[in-house]
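# Structural features, examined
This is what each chain is made of:
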Amino acid sequence: MLVAVSAVGLLGTVTAIGMVDYFAGDLPTIEQLQTSKLTQTTRILDRKGNLIEALYHQNRTVVPLSKISLKLQRATIDTEDRTFYDNSGVDYRRLMIAIGYDLTHHSATLGASTITEQVVKNDVLDTQEAQSRTISRKFHELVLAEEMERRYSKPQILELYLNSINYGNGAYGAEAAAETYFQVHANDLSWAQASFLAGLPQAPSVYDPFGTEDQLAAAKQRWLDVLDGMVTVGDISSAAAHAAYNTDIIEKMIAAHKAIPGSHNPLTAHFVDYVEGYIAQRYGNRALYEGGLKIYTTLDLATQALAGKWVKSGVGTYSKRGVNTGAMLVMNPSDGEILAMVGSADYNNAAIRGQINLTGVDPLGWRGVGSSFKVYTYGAALAAGLVTSASLLNDQTGIIGGHTFNDWDAKHEGYISLRTALAQSRNLPALWTYRQVGGTQVTTFMHQLGVTANVENPDGVATTLGHDPISMAEHLAAYSAFDNGGYRISPHAVLKVVDADGTILEALDPNANRVQVITPDLGYVMTDLLRGPVKLYLGGLGSRPVAGKSGTTEAYTGSIFIGYTPDLAVAASLMHIDAGPDCKSGYASLATNFPPSGWQCPTGVLFGENVGTSVWKPFVEAYYSSHPWPAMWVQPAGVVTRMVCPYDGGYIGTGGYNEIFLKGVGEPTYPCGANPPPGAPPYTRPSPSPLASP
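Below you will find a few notes about this structure. Just so we're clear, the structure is a prediction, and the values are computed from it rather than from any experiment.

## Brief notes about the overall build of the protein
Counting secondary structure elements, the protein contains 23 helices and 18 strands. Looking at the protein residue by residue over its 694 residues, the buried ones come to 51%. Surface accessibility of the protein: about 30,900 Å² in total, with carbon and sulfur atoms responsible for 55%.

Next comes the structure, spelled out in structure tokens:
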């Protein structure tokens, strides 16, 4: 029995040694780990291969542990790994707690990594393995952590960690972080500064004091959590923690950051931010900033320059009406490739919250879209066969469901055709149609086209006037379905990603996410109807293959014009935004139904048509001055032309006008005169024309 037990023990020992040797035999030396920090530059390119921006980290300065403040060392250990000097590289107690939590909560969110494990994950494992969430990867990490503890001292491991960890805003390592946030050396950090930095590596993009208000609030809360942890382990007193938290280091930090010139080219800054976020989410920050990637994007720099020019021009034209910012998004309506993205009039202007992307690729930039929402109401009504292009709609009665509504000109035009109502953007016809179709059907139609925003009150007819905030990008993609044959598309910014070895990591498949959600027949009818506003307001573009719609929100808090040609989709907007919580535009008195704020801030009288004439139209004309105009849309077989009469939209043999209809479901079903609008005089059949003499 003794021999057998010894044999089993020997076999287990040999197996364990073999596994450790297999997983840890090629563990690099400390010197190799430090020299491996020489990184390659990632390049973001436009669709023609022109460089947009290079991403790299040159501000890493490796310093010995003796030149890193003991305060930061203690704050980091207290926050990341309290048993660092006692564990063997793996804290099995924390690991078991984390496993138990994840099993009981059916998640994998509670971390248990020690500082040594983080060094292994960040500096030893390759990027692909480090990003994986497999049991094999975790076991590999544990074995390497234990082996690293046997080969290297605790100070060596801590020095490597503090020189390589990501602190956000381009700062890798303690020295770069101290300089980036506080303009001091890592050896000179105070308790307040050290405790603030110690909290950042957990999620540097979330705890960003230079980001949005939510990110700043998260950074402050994280700082408070770090101080509480330091009090718990006894490194500082409660009074010292309170004093540290109440210093003005964040205010000084933000002021110093604002004084630094912007690192982005303001022409492409919003687009670069969008691409960086996409790549970081898919491949991680290390791959983004150190991986030597080539990111071929959809952006066309010449189109981007045109878009930026006309947004700034529009802001200048209407600055006396309080306009101080605007946005434009340009995409291919067939597949959603983003050709230009202008998120604000001035990326570096904090007074207008310039770094918030108003094209809506980030929910912070979602806005009301005014009457441009009406296409969803009329589209749903046409698809259901409840109306036709010639149907007479109520522009006479302003009381709907006990509420009184008025149009922008306070006039009533009686009963007018759907085509006329849409072209003139009359409110009452859209409100009555929304009531007829029903909010559920309209919002379902909108969501089918790709708009993900929730509608606050779908049963309220005022929804059709577009006060709910939605994404401009999704709004433009939804309009594109009318243009491209009925396919839902999504905005795309990246054509191809190639790693440093030339391997293609991903390539855009234009057909991957195209789903047909409406018929090409309905798309053609909607497009033909949307040519009406262009003919009415945009002059010479009315004779071109151009369709579009204006939108003006309540109290002129935002104006938009959105439309397309067969090969180009464009949305443009103008508005006023203040940096603080209060509205300073001087037009706050226009907001009678809501409290004006920095986000909801009225301009002077500014309609969506103004955006169309001053921003949208000149951009489109400039674009096609160097691109050939596409051919006019071709009427599909499922759309028929019928003669109808203006009296009630019924069919007639002669003496009426030609209108297009959805074949079968959307054709007029009654003869002229059979469906008179309320209050109309009796129908009089037109006299036949006299015959010509021989």
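## Notes on the sheet that holds strand β15 (residues 559–565)
Across the sheet, 5 strands lie side by side as β5-β4-β16-β15-β14; this open sheet has antiparallel pairing. The sheet is open, and its two borders are formed by β5 (338–342) and β14 (547–552), each paired with just one other strand. The mean inter-strand angle of the sheet, taken between neighbouring strand axes irrespective of direction, is 5 degrees. As paired elements, strand β4 (residues 325–331) and strand β16 (residues 568–575) share 7 bridges and run antiparallel to each other. Paired with methionine 328 across the two strands is alanine 572, which belongs to β16. The strands that helix α23 (residues 608–624) touches are β4, β14, β15 and β16; relative to β16, the one it contacts most, it runs at about 140 degrees.

## Quick notes on the side chain of threonine 377
By the element assignment, threonine 377 lies in helix α17 (residues 374–383). Residue classification places threonine 377 among the buried residues on the basis of a relative accessible area of 0%. A polar contact is formed between the side chain of threonine 377 and the side chain of threonine 464, at a distance of 2.7 Å. With near-sequence residues (within four places) excluded, threonine 377 lies in contact with Ala430, Thr433, Tyr434, Val437, Val442 and Thr464.

## Side note on the environment of glutamine 600
Structurally, glutamine 600 is set in the loop between β16 and α23. It is 5.9 Å that separates the C-alpha atoms of glutamine 600 and threonine 557, two residues lying 43 residues apart in sequence.

## Points about the packing of helix α3 (residues 70–80) against helix α10 (residues 191–198)
Between α3 and α10, whose axes approach to 8 Å, the crossing angle comes to 40 degrees. In this structure, the crossing between α3 and α10 has a hand that is right-handed. Residues Lys71, Leu72, Arg74, Ala75, Thr76, Thr79 and Glu80 of α3 lie in contact with α10, whose contacting residues are Trp191, Ala194, Ser195, Leu197 and Ala198. Residue composition of the contact of α3 with α10, grouped by class: 6 nonpolar, 3 polar and 3 charged.

## A look at the pairing of strand β11 (residues 494–498)
As judged from the 4 bridges shared by strand β3 (residues 294–297) and β11, these two strands associate in the antiparallel manner. In the sheet register, tyrosine 296 faces β11, and the bridge partner there is lysine 496. Judged from the 3 bridges that link them, β11 and strand β12 (residues 504–507) form a sheet pairing that is antiparallel. By the bridge assignment for β12, valine 498 is matched with isoleucine 504.

Thresholds applied
- Residues numbered from 1 in each chain as written.
- Predicted model: local features only at pLDDT ≥ 70, side-chain atom pairs only at ≥ 80, totals over all residues.
- Heavy atoms only, no water.
- Helix = DSSP H or I, 4+ residues; strand = E, 2+ residues; numbered from the N terminus.
- Buried < 20%, exposed > 50% of the residue type's maximum accessible area, 1.4 Å probe, protein only.
- Areas by Shrake-Rupley, 256 points an atom, 1.4 Å probe, with all protein chains shown as cover.
- Pairing = 2+ DSSP bridges.
- Axes fitted to C-alpha atoms, helices over the stretch in contact; angles between N-to-C directions.
- Contact = heavy atoms within 4.5 Å.
- Polar contact = N/O pair within 3.5 Å; in protein donor to acceptor, adjacent residues only side chain to side chain.
- Left-handed = near helix turned anticlockwise from the far one by under 90°.
- Nonpolar A, V, L, I, M, F, W, Y, C, P; charged D, E, K, R; others polar.

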